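Chains, contacts and geometry: an overview
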Amino acid sequence: MQSHQIKSFEEYQNACQRSVSDPEGFWSDIASTFTWRKKWNTTLEWNFEEPNVKWFKGGKLNITENCLDRHLKTRGNKLALIWEPNDPKERFVRYTYRELYEKVCQFANVLKKNGVQKGDRVCIYMPMIPELAFAVLACARIGAVHSVIFAGFSAVSMSDRINDAGAKMVLTSDGLNRGAKQIPVKRVVDEALESCPSVEKVIVVERLGWAVNMVEGRDVWFHDEVKDVAKDCPAEEMDAEDMLFILYTSGSTGKPKGVVHTCGGYMVYAQYSFMNVFQYQESDVFWCTADIGWVTGHTYLLYGPLLSGATTLMFEGVPTYPDNGRFWQVCDKFGVNIFYTAPTAIRSLMGGDIDDVLSYSLDSLKVLGSVGEPINEEAWHWYHTHVGKERCPVVDTWWQTETGGIMISSLANVTPTKPAHAAFPLPGIQPILVDAEGNEITDNEVEGYLCVKFPWPGMIRTTYGDHERCRLSYFSTYKGLYFTGDGAKRDENGWYRIIGRVDDVINVSGHRFGTAEIEEAINHNEHVVESAVVGFPHDVKGQGIYAFVICKDKPEREDYLRAEIIETVVEKIGKIAKPDKIQIVSGLPKTRSGKIMRRILRKVAEGDTSNLGDTSTLLDPDVVDEIKAGAL
Ligand code: WT7
């Protein structure tokens, strides 16, 4: 397998040039290194108005043949997947490519036996156990569309997503381990399914050995179903533009949207970006700490590494259990060479005892990666010094659920790195900065809105069931451009530095929430009249959630009310969206047209009330003084 791995800065520059002057030739060469049942007729068809983007039209393939079958001859006995459990005392499990192939085929046969067909949507709500990886790939094998929902989301969130996707089946487990806690996953599924008429079957994988409620005719145990199925399963032939998966993500308005990725383009981009950013070498052990419930887990725990014939590590636990040395212990245990995590994890460990890192050798590490939010310089230096021993480049990878793979990042040891800078676009990616009117800013030492002006194979195709929403969210703000929702700077040398969201989206520990989504949840509480949510700088999470809430009556005990509001948010969205601060207010700063002045609320939440700007145009300027005085 030829890899198109870039080896020098000069090669990088040449690849960039060619990808602009001849994008179709560029991507066509890369795509040719994969296994296709039938070659495509047209490399690219596109416009950003509708939008309509089609890569490798007419091509036929199955992504799992590229992840598994094609490696069997040369890498059949190579490790594909290493699984490390939550509890270090429990035994780890390893699967060679041959074994993984069989596990995936068996799971695929279980799906088929239970009525799943090509095109059906399958919702996966599972812990980080090997069966989750098998399940995802099994869907892809038979042409079913997987929609993984992070197992920290609530029943309400799950049912919203299941109903939006019209999923026919749910794959889950009895329970899950997270650090010292055990969580009854199946119970959450049962609650969600009370309002999901499309779901016909639930397959339950045993993890904790708990006795769980099994609904007759609907729920079956995986271990019963898998007993008599074959270890081979023919891969369904898919069109390059057939859906591969849906992944829900929050935006500035309404409910989360189902980002749709398709088989051919996503495959090419996942593999190309993986090989180049991390500079994977044949014997490396690669560890991405993200949960498969997020896009990072999809692209860089599963698809990217497996498409490259790599050894990928999957970890069930958390960085702080049983102690703060857990990540580093796992790195030493398996000789991890490339380690990819989020700034929030680094910051949570930075606060602890330095010996938790220094007592491990970390000799095997060669490359470190960061993803999910801007990495602050302090965290970058700690990571570079104590984990990477100043020997490993830190690649700061900027991308999004919608982009399918890494867009802006240094390539390890090939292009230079700089703290807090994602740095350079990958070959094939054409980012630009625009001003508020959408005019391209071509100079350096500038700041603007980050857009992309040309399609790339891994990009979003639509939002499930509502193409207009895709157009409005990403392609309508600036004509003819994909708008990322991020602001960015470009320094004097052309290096990109991502500043963060410029819309009403907050990034909490690398996870996106729309302020509107959290407000809607809070407003469900019976005591609440109205609320406004903003982000504020948080030492570990990057951004915390600050809620200003108007209540029907003045509460007797504010702390009780706060606890109740938190409970409402946990019920509607999940623990990951818990507000950090809730300030009870009698009014919100609104313009005469009724628009909430979030700028003022953000300043208060940041603790900077010195310069609130002109508040005289507000409907009720006095409310600002009250809010300032009551700030938490
Ligand atoms: C948003 C996308 C894609 C992986 C996980 C998050 C922010 C992501 C970086 C980075 C600065 C980053 C952006 C982006 N973001 N990576 N390296 N530097 N910001 O995926 O949930 O789709 O969120 O995360 O704001 O728009 P996501």
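Residues numbered from 1 in each chain as written. Predicted model: local features only at pLDDT ≥ 70, side-chain atom pairs only at ≥ 80, totals over all residues. Heavy atoms only, no water.

- Per an unreviewed UniProt entry, the protein chain goes by the name Acetate--CoA ligase and belongs to Pontibacter burrus.
- UniProt, in the comment section headed Sequence similarities (unreviewed entry), describes the protein chain in these words: "Belongs to the ATP-dependent AMP-binding enzyme family." (UniProt positions renumbered as here; feature names shortened; annotations may be inferred.)

**Description of the environment of isoleucine 6**
- When you line up the elements, isoleucine 6 lands in the segment before helix H1 (9–21).
- Under the relative-accessibility criterion, isoleucine 6 is labelled buried at 5%.
- Placed 405 residues apart in sequence, isoleucine 6 and leucine 411 show a C-alpha to C-alpha distance of 8.5 Å. (Helix = DSSP H or I, 4+ residues; strand = E, 2+ residues; numbered from the N terminus. Buried < 20%, exposed > 50% of the residue type's maximum accessible area, 1.4 Å probe, protein only.)

**A closer look at the domain arrangement of the protein chain**
- When its domains are assigned, the protein chain resolves into domain 1 (9–62 + 242–500), domain 2 (65–236) and domain 3 (505–629).
- Taken over C-alpha atoms, the centre of domain 1 sits 32 Å from the centre of domain 3.
- Taken together, the 15 residues of domain 1 in the interface contact 16 residues of domain 3.
- When the two sides are added together, the surface that domain 1 and domain 3 hide from each other amounts to roughly 1200 Å², 47% of it contributed by carbon and sulfur.
- One salt bridge in this structure joins glutamate 402 and arginine 512, with 2.8 Å as the shortest N-O distance.
- Viewed at the interface, domain 3 and domain 1 are joined by eight residue pairs in polar contact (both at pLDDT 80 or more).
- Here the element with the most residues in the side of domain 1 that touches domain 3 is helix H13 (residues 343–350); it accounts for three residues.
- Its residues placed into classes, the side of domain 1 that touches domain 3 shows two nonpolar, nine polar and four charged. (Domains from an automatic or database assignment. Contact = heavy atoms within 4.5 Å. Buried area = accessible area lost by both parts, 1.4 Å probe. Salt bridge = Lys/Arg side-chain N within 4 Å of Asp/Glu carboxyl O. Polar contact = N/O pair within 3.5 Å; in protein donor to acceptor, adjacent residues only side chain to side chain. Nonpolar A, V, L, I, M, F, W, Y, C, P; charged D, E, K, R; others polar.)

**A closer look at unusual backbone geometry**
- The amide bond that connects glutamate 50 to the next residue, proline 51, takes the cis arrangement and shows omega of -10°.
- Within the secondary structure layout, proline 51 lies in the loop between strand E1 (42–47) and strand E2 (52–57).
- Of note, the amide linkage connecting tyrosine 321 to proline 322 takes the cis form, showing an omega dihedral of -5°.

**Here's the deal with the side chain of aspartate 396**
- Turning to its location among the elements, aspartate 396 is positioned in strand E20 (residues 394–397).
- With no salt bridge to any partner, buried aspartate 396 finds its closest opposite charge in arginine 497, at an N-O distance of 7.9 Å.
- The contact partners of aspartate 396, leaving out residues within four places of it in the chain, are Ser370, Ile375, Ile408, Ser409, Ser410, Ala420, His421 and Ala422. (Lys, Arg positive; Asp, Glu negative; His and termini not counted.)

**Brief notes about empty space enclosed by the protein**
- The tally for this structure, following the rule as stated, stands at one cavity of 30 Å³ or more.
- Of the voids in this model, the largest cavity is the one considered here, and its volume is about 40 Å³.
- What lines the largest cavity is simply Val148, Ile149, Phe150, Phe153, Arg161, Leu247, Tyr248, Gly293 and Trp294.
- Split by residue class, the lining of the largest cavity holds seven nonpolar, one polar and one charged.
- Split by domain, the lining of the largest cavity shows at least three residues from each of two domains, domain 1 (9–62 + 242–500) and domain 2 (65–236). (1 Å grid on protein atoms, 1.4 Å probe; cavity = no way out; pocket = protein on both sides within 12 Å on 5 of 7 lines; lining within 4 Å. Points joined across faces, edges and corners; volume = space filled by probe spheres on them.)

**Examining the sheet that holds strand E5 (residues 93–96)**
- Read from one edge of the open sheet, seven strands run E5-E4-E17-E16-E18-E19-E20, paired in mixed fashion. The two strands at the open ends of the sheet, each matched to only one other strand, are E5 and E20. Taking each pair of neighbouring strands and ignoring which way they run, the sheet shows an average axis angle of 20°.
- Sheet topology places strand E16 (residues 285–288) next to strand E17 (residues 311–315); three bridges connect them, and they run parallel. Each bridged residue has a counterpart across the sheet, and for valine 285 the counterpart in E17 is threonine 311. (Pairing = 2+ DSSP bridges. Axes fitted to C-alpha atoms, helices over the stretch in contact; angles between N-to-C directions.)

**So, the site of the ligand**
- Lining the immediate surroundings of the ligand are 18 residues, of which Asp396, Thr397, Thr401, Asp486 and Arg512 lie closest.
- Threonine 401 places a side-chain nitrogen or oxygen 2.6 Å from an oxygen atom of the ligand.
- Here the ligand loses 96% of its free accessible area of 550 Å² to cover by the protein chains.
- Contributions of two or more residues to the shell around the ligand are made by helix H11 (295–307), E20 and strand E26 (496–501).
- Tallied by class, residues from the shell around the ligand come to six nonpolar, seven polar and five charged.
- The two domains that each donate at least three residues to the shell around the ligand are domain 1 (9–62 + 242–500) and domain 3 (505–629). (Near = heavy atom within 4 Å. Areas by Shrake-Rupley, 256 points an atom, 1.4 Å probe, with all protein chains shown as cover.)

**Structural notes on the sheet that holds strand E11 (residues 201–205)**
- Taken in spatial order, the eight strands of this open sheet run E12-E11-E8-E6-E7-E14-E15-E24, and their pairing is mixed. Here the strands that pair on one side only, and so sit at the sheet edges, are strand E12 (219–221) and strand E24 (462–463).
- Packing against the sheet, helix H6 (residues 130–142) makes contact with strand E6 (121–124), strand E7 (145–148), strand E8 (169–173), E11 and strand E14 (243–249), and its axis sits at approximately 170° to E6.

**Overview of the UniProt feature "domain: Acetyl-coenzyme A synthetase N-terminal" (unreviewed entry) in the protein chain**
- Under the UniProt annotation, the feature "domain: Acetyl-coenzyme A synthetase N-terminal" (unreviewed entry) is placed at residues 12–67.
- Split by type, residues 12–67 is 43% helix and 25% strand. Its first and last C-alpha atoms lie 26 Å apart.

**Examining the layout of surface pockets**
- Taken as a whole, the second largest pocket encloses approximately 330 Å³ of empty space.
- Lining the second largest pocket are 19 residues; nearest its centre among them are Cys16, Val20, Pro425, Ile429 and Pro431.
- Listed by contribution, the elements that provide at least two residues to the lining of the second largest pocket are H1 and strand E21 (431–434).
- Tallying contributions element by element places H1 first for the lining of the second largest pocket, with six residues.
- Class assignment for the residues of the lining of the second largest pocket results in twelve nonpolar, five polar and two charged.

**Quick look at the state of the cysteines**
- In this structure the tally under the stated criterion is zero disulfides.
- Of the cysteine sulfurs around cysteine 139, a residue in no disulfide, the closest is that of cysteine 123, at 9.8 Å.
- Distance from the sulfur of cysteine 233, which forms no disulfide, to the nearest cysteine sulfur (cysteine 105) is 5.5 Å. (Disulfide = S-S within 2.5 Å.)

**Considering the nonpolar core**
- In terms of nonpolar packing, the biggest core is built from 127 residues, with Trp36, Leu111, Ile124, Leu171, Phe278 and Tyr303 touching the most fellow members.
- In terms of domain composition, this core takes at least three residues from each of domain 1 (9–62 + 242–500) and domain 2 (65–236).
- Other than its neighbours up to four places away in sequence, leucine 171 contacts Phe107, Leu111, Val122, Cys123, Ile124, Tyr125, Met126, Ala135 and Ile203.
- Of all hydrophobic cores here, the second largest spans 43 residues; its members include Ala151, Ile518, Val549 and Cys551. (Core = buried A, V, L, I, M, F, W, Y, C linked by side-chain atoms within 4.5 Å.)

**Points about the pairing of E17**
- Of all the five residues making up E17, five are buried; the element is thus mostly covered by neighbouring parts of the structure.
- Alternating positions in E17 separate into two faces, Thr311, Leu313 and Phe315 on one and Thr312 and Met314 on the other, with burial throughout.
- Two elements, strand E4 (residues 79–84) and E17, share four bridges in a ladder whose sense is parallel. When the bridges of E17 are listed, tryptophan 83 appears paired with methionine 314.

**Things to note about the UniProt feature "domain: AMP-dependent synthetase/ligase" (unreviewed entry) in the protein chain**
- UniProt records the feature "domain: AMP-dependent synthetase/ligase" (unreviewed entry) for residues 69–455 in the present numbering.
- With 31% helix and 22% strand, residues 69–455 has its two end C-alpha atoms placed 29 Å apart.

**So, the packing of aromatic side chains**
- Enumeration according to the criterion identifies 48 aromatic pairs in this entry.
- Look at phenylalanine 327 and tryptophan 328: their rings are 5.8 Å apart centre to centre, the planes differ by 80°, and that puts the pair in the edge-to-face class. Like phenylalanine 327, the residue tryptophan 328 is buried in the burial classification.
- Sitting above the plane of the phenylalanine 153 ring, arginine 161 keeps its charged end 4.3 Å from the centroid. (Phe/Tyr/Trp six-rings, centres within 6.5 Å; stacked < 30°, edge-to-face > 60°. Lys NZ or Arg CZ within 6 Å of the ring centre and 35° of its normal.)

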